[in-house]
Amino acid sequence: MLDDVRSHDPRPDETELAWMQTDPLRAAARLLMLVALAVSIGTAASQFVGPDTQSGAVVAKAR
């Protein structure tokens, strides 16, 4: 069934050449940067939208 997708020509086409030329370390670094950006945006948004409450330790100390 997978033979239908790939012909029996041993020469790769343009798409396969592009996949073979990608650098896995560079792709992983970009993915890590995107994850870090998403986490930082999510954390900032939750701090901005969340209620302004103090933690239990700070409230107990203030009394």
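The rules behind the values
- Residues numbered from 1 in each chain as written.
- Predicted model: local features only at pLDDT ≥ 70, side-chain atom pairs only at ≥ 80, totals over all residues.
- Heavy atoms only, no water.
- Helix = DSSP H or I, 4+ residues; strand = E, 2+ residues; numbered from the N terminus.
- Areas by Shrake-Rupley, 256 points an atom, 1.4 Å probe, with all protein chains shown as cover.
- Expected span 1.5 Å × (residues − 1).
- Buried < 20%, exposed > 50% of the residue type's maximum accessible area, 1.4 Å probe, protein only.
- Patch = residues over 30% accessible without salt bridge, like charges linked within 9 Å, V, L, I, M, F, W, Y side chains within 5 Å.
- Salt bridge = Lys/Arg side-chain N within 4 Å of Asp/Glu carboxyl O.

Trainee: So what exactly am I meant to see when it comes to the overall build of the chain here?
Mentor: When helices and strands are counted, the chain shows 3 helices and 0 strands. If you list the helices and strands of the chain from N to C, you get α-α-α. Working note: accessible area of the chain is about 6,400 Å², and carbon and sulfur atoms make up 65% of it.

Trainee: Can you walk me through helix 2 (residues 24-49) in this structure?
Mentor: Each α-helix winds once per 3.6 residues, and so residues spaced three or four apart point in a common direction. Spanning 26 residues, helix 2 covers 37 Å between terminal C-alpha atoms, matching the ideal 38 Å at 1.5 Å per step. Counting buried residues along helix 2, only 0 of its 26 residues qualify, which leaves the element largely exposed.

Trainee: Explain a nonpolar patch on the surface to me, please; I cannot follow it from the model alone.
Mentor: Residues Leu31, Val35 and Val39 make up a contiguous nonpolar surface patch of roughly 280 Å² in combined accessible area. Among the residues examined, Leu31 registers a relative accessible area of 55% and is labelled exposed.

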